[in-house]
Amino acid sequence: MGKVDDMLEEACAVQQLPEHPLRQAILAEVHARPFVPMHGEWQILQYAFMVDQDKKQAEQQALLRFTSEEINSASRASEHYLHQTFEDYSLRWEQHSEFSTYAVEQPLASSFRAQDLTLFAKGLLDPPGELIAAVQLTIKVTAQPETGDLSEKFDLASLSVSQIIEGRATLVTDFKAGDDGIVSFLLLDHGLSPLELGATVRRVLELETYRTLSLLGLYEARKQQTVVSRIEQELMGITAQLRNSGDAAAHSLSHNEELLADLSSLAADLEASAMESLFRFGATWAYSDIVRRRLDTLGESKVSGYDMIGRFLNRRLAPAMQTCRAIEESGRPIFRES
């Protein structure tokens, strides 16, 4: 018993040690967004909104008002996460660095979107920012991985089907937004445990959300490409004039000084452009990496006659990411080479 007593004394001593102010937050971070076990057939509608930093506190306060009571610790794993169960639906909210997600979860047999309309359309819960992604995930239980006729619900031109989780589920989507602006997924459950189903639901919702967010970088790249092209053209003109200007006449020296001033101005423009896109490109690499890791975790295998989801995404995302990388790097050598 002496050794046990010594261990207990050491544990008590740890509690008395001076603690880093962030230690408890770091310990809680691994539990900040837990998987929620699920069973049966569900329909889930998730919205992702871009939220400015100065509006995050107001967003949290709005959630507290919506629940009409203090959120208990079982519902709220951190100040950035909430999973609250109401009478006939559940609300899952997550706050991230630049966006927040709101997922309304209802049993498949219920009248879906009634609560969604109540949350947002009737003003009980205001959208905290601009909508960036919307995904509907329908979960059905089937004994066999039969996809049936999917042409009524999905566009066959972009239809993608994959068996996932070692063949114990099938995931279907066409990545196209319907008339309501929502991208639909169908998850066929062939025998997942409640925890596996909950984890799969989270990963599928994240797959679509981060796919959309990653493509924000493509439009930043296109904007920056215009700036970089202009700077390159002006730089070529300035360097040509510097090479061709005479060095004997007095006015040539003055002219060269003007050209050097123009060159410094172009360098400043390029630096400002690079700084403007720094966060967006960094976020793009992070988001695209999350998409890749979610696909790896789902463990896809091919369904005969259909394109795989990961293969379809790679054909669309890879060129976009290459464009972002090229634009990010294009400004770096311009002035070193001149």
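Predicted model, so just to flag it, every value in this text is computed and none were measured.

Can you tell me about unusual backbone geometry, naming the residues and giving the values?
Only a minority of non-glycine residues have a phi that is not negative, and only a minority of peptide bonds are not trans. In the Ramachandran plot, Ile165 falls in the positive-phi region, its phi being about 50° despite a non-glycine side chain. The topology assignment puts Ile165 in the loop between strand E6 (160-164) and strand E7 (169-177).

Could you give an account of the pattern of salt bridges, with specific residues and numbers?
Inspection of every chain in the model, using the stated rule, returns 16 salt bridges. In this structure, the salt-bridge partner of Glu166 is Arg168, at a minimum N-O distance of 3.6 Å. The class for Arg168 is partly exposed, based on a relative accessible area of 24%. Between Lys223 and Glu220 there is a salt bridge, with the nearest N and O atoms lying 3.5 Å from each other. On the criterion of helical spacing, the pair formed by Lys223 and Glu220 is a turn pair, its members being 3 residues apart in helix H6 (residues 216-244). Residue Lys223 is classed as partly exposed on the basis of its relative accessible area of 40%. Residue classification places Glu220 among the buried residues on the basis of a relative accessible area of 12%.

Pulling in residues and values, what's your account of the nonpolar core?
Core analysis: the largest hydrophobic core is formed by 36 residues, its most contacted members being Ile44, Leu137, Leu187 and Val201. Contributions of two or more residues to this core are made by strand E1 (42-50), strand E4 (99-107), strand E5 (130-141), E7, strand E8 (183-189), helix H5 (194-214), helix H7 (250-298) and helix H8 (309-330). Ignoring any residue separated from it by four or fewer positions in sequence, one finds Leu187 in contact with Leu137, Thr138, Ile139, Lys140, Ile164, Ala169, Thr170, Leu171, Leu197, Thr200 and Val201. Among the nonpolar cores identified, the runner-up in size contains 17 residues, and Phe49, Leu63, Leu91 and Tyr102 belong to it.

Go over the sheet that holds E7, please, and point to the residues and values.
Read across the open sheet, the 9 strands follow the order E2-E3-E4-E1-E5-E8-E7-E6-E9; overall the sheet is mixed. Each of the sheet's edge strands pairs with one partner strand only, and the pair in question is strand E2 (81-85) and strand E9 (301-302). The strands touched by helix H3 (residues 56-67) within the sheet are E2, strand E3 (90-95) and E4, with E3 carrying the most contacts at an inclination of about 165°. Sitting on the sheet, H5 touches E1, E2, E3, E4, E5, E6, E7 and E8, and the angle it makes with E5 is about 150°.

Any details on the pairing of E7? Residues and values, ideally.
Within E7, 7 of the 9 residues are buried, which leaves the element mostly enclosed by the surrounding structure. Across 5 bridges, the pairing between E6 and E7 is antiparallel. Bridged to Ile164 within E7 is Ala169. The antiparallel hairpin formed by E6 and E7 contains 4 residues in its connecting segment, where Ile165 sits at a positive phi of about 50°. Examined bridge by bridge, E7 and E8 share 6 bridges and lie antiparallel to one another. When the bridges of E8 are listed, Thr170 appears paired with Leu188. As consecutive antiparallel partners, E7 and E8 are separated by 5 residues, and within that stretch Gly181 has a phi angle of approximately 80°, a positive value.

Kindly report on the packing of aromatic side chains, identifying the contributing residues and their values.
In this description, a pair of aromatic rings is defined by centroid distance and the angle of the planes. For the structure shown, the criterion picks out 10 aromatic pairs. For the pair Phe99 and Tyr287, a centre-to-centre distance of 6.4 Å together with 75° between the ring planes defines the contact as edge-to-face. Of this pair, Phe99 sits in strand E4 while Tyr287 sits in helix H7, and the two are 188 residues apart along the sequence. With respect to class, Phe99 is no different from Tyr287; both count as buried. Measuring from ring centre to ring centre gives 6.3 Å for Phe281 and Trp285, while their planes differ by 20°; the resulting arrangement is stacked. Taken together, the residues span about one helical turn, with Phe281 and Trp285 both in helix H7 at a distance of 4 residues. Put simply, the rings of Tyr47, Phe49 and Tyr102 pair up and form one aromatic cluster.

Thresholds, definitions, all that
- Residues numbered from 1 in each chain as written.
- Predicted model: local features only at pLDDT ≥ 70, side-chain atom pairs only at ≥ 80, totals over all residues.
- Heavy atoms only, no water.
- Helix = DSSP H or I, 4+ residues; strand = E, 2+ residues; numbered from the N terminus.
- Salt bridge = Lys/Arg side-chain N within 4 Å of Asp/Glu carboxyl O.
- Buried < 20%, exposed > 50% of the residue type's maximum accessible area, 1.4 Å probe, protein only.
- Core = buried A, V, L, I, M, F, W, Y, C linked by side-chain atoms within 4.5 Å.
- Contact = heavy atoms within 4.5 Å.
- Pairing = 2+ DSSP bridges.
- Axes fitted to C-alpha atoms, helices over the stretch in contact; angles between N-to-C directions.
- Phe/Tyr/Trp six-rings, centres within 6.5 Å; stacked < 30°, edge-to-face > 60°.

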